[in-house]
Amino acid sequence: MHYPINFCTDVDVSCLRDLPKLKQLLEAANVKPNMSQIARDLNCDRRTAKRYYDGDIPKGTRVKPSYLDVHYDDILELLQPDSPQRFYYKASLWRYLRREHILDCPESTFRHYVSERPDIQAYFDRMKRKSPPGPAGMVRFETDPGEQAQIDWKEDINYLTKDGNRIKVNVLSMVLSYSRLTLYALTQSRIQSVLMSCLTEFFDIIGGVPRVIVNDNLKTVMDEARTAYRNGTVNERFYQFSKDMGFLVQPCIGGRCQTKGKVETTMKILDDIHAYQGQLDYVGLQQLVSKLNHEVNMNIHQGTGKVPLALFKTEKESLLALPSDRIMTQYKIAQHVVKVGKDGLVSYKGCKYSVPPAYIGRTLFYE
């Protein structure tokens, strides 16, 4: 008795892993495969198709140790909850490790390494700061060389010195809008005389004065803030300072911080100060801010695609000339540093002076 049996000879080959089934069918039919056509259909190399056709299928993702694993314990130690050091961003931790010569690798490699380690990634998930959403879109506004500078404060940074004292410091930032050259000044006060002294020092460093200074309605600059309906009123003393230096004051409209976006973008790196909590005194903190300032000016700026210090060479020629030395000296505040000894005395011009016992071991400033 004869029973006909129908076999389905259609094989759906949609990926490389289907090729072994195709091999069984073609060998049973004694048909030679056209590997070039199969490779074109699957959009792969002919040799890759041949390997899968012969059953050489990878068993899974290869686990390869990272060369950064030798620093794994050091990184975890820095991120302990009881550590005074704080790293708000992966980039901040990466910069710290590079400055301290703990590791040397590209930032992208380090960020990927952290993302693949849940216990490290969890630290940065906890440190994420909630901030209100910015504007939906903003067109970058460029200015001519020497035309504009933007200023802003990084205010009230709580810092633990290596002596165990807690202090509040501020950093004034000024950015030249064309070259993006950035200048930082660490201070313990934001009063008007300190602001004018820092700006005078900035002008002295760059060898000129920009034509316009954009500020965020600072109380030391504006008696009445600028709004969408009012032009605002510049403080009389600061107005005189601007006349002596030769620049115009341009306050932002309240609530539109993106107007001075060039200086806002330089503030993020100042969070690196928290990476050195408990490690420095005030003098060391000043040196750190100078180091951060150097890094900002020596790295390629994303907005211009050039190094700010190199681009500044073009802008410097367009700055206004500095006022006379008499005017410059009038606004500068000379600060001197002295450390209180264990005996509670400080030296000044060859003489010893006593200070309250609470200041023993601390660094003090005097004018």
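Residues numbered from 1 in each chain as written. Predicted model: local features only at pLDDT ≥ 70, side-chain atom pairs only at ≥ 80, totals over all residues. Heavy atoms only, no water.

Moving on: the sheet that holds strand 3 (residues 182-187). Strand order in this open sheet of five strands is 3-2-1-4-7, and the pairing throughout is mixed. Where the open sheet ends on each side, the last strands, each with one partner, are strand 3 and strand 7 (248-251). Averaged over neighbouring strand pairs, the angle between their axes works out to 25 degrees when direction is ignored. Lying on the sheet, helix 8 (residues 192-206) is in contact with strand 1 (148-160), strand 2 (166-176), strand 3 and strand 4 (212-215); it crosses strand 2 at an angle near 45 degrees. (Pairing = 2+ DSSP bridges. Helix = DSSP H or I, 4+ residues; strand = E, 2+ residues; numbered from the N terminus. Axes fitted to C-alpha atoms, helices over the stretch in contact; angles between N-to-C directions. Contact = heavy atoms within 4.5 Å.)

Let's shift gears to the pairing of strand 3. In terms of residue burial, strand 3 counts as a mostly covered element, since six of its six residues are buried. Sheet topology places strand 2 next to strand 3; six bridges connect them, and they run antiparallel. Bridge pairing links Ser173 to Tyr184 in strand 3. Between strand 2 and the antiparallel strand that follows it, strand 3, lie five residues; Arg180 among them carries a positive phi value of about 65 degrees. (Buried < 20%, exposed > 50% of the residue type's maximum accessible area, 1.4 Å probe, protein only.)

Per the counting criterion, the structure on display carries eight aromatic pairs. Arranged with centres 5.3 Å apart and planes meeting at 85 degrees, the rings of Tyr123 and Phe124 form a pair that is edge-to-face. The two residues Tyr123 and Phe124 agree in class, both being buried. Relative to Tyr331, the ring of Phe241 lies with its centre 4.8 Å away and its plane at 70 degrees, an arrangement referred to as edge-to-face. Of the two residues, Phe241 is situated in helix 9 (residues 236-245) and Tyr331 in helix 13 (residues 325-331); the sequence distance between them amounts to 90 residues. Following the ring pairs from residue to residue traces out a cluster consisting of Phe203, Phe238, Phe241, Phe247 and Tyr331. (Phe/Tyr/Trp six-rings, centres within 6.5 Å; stacked < 30°, edge-to-face > 60°.)

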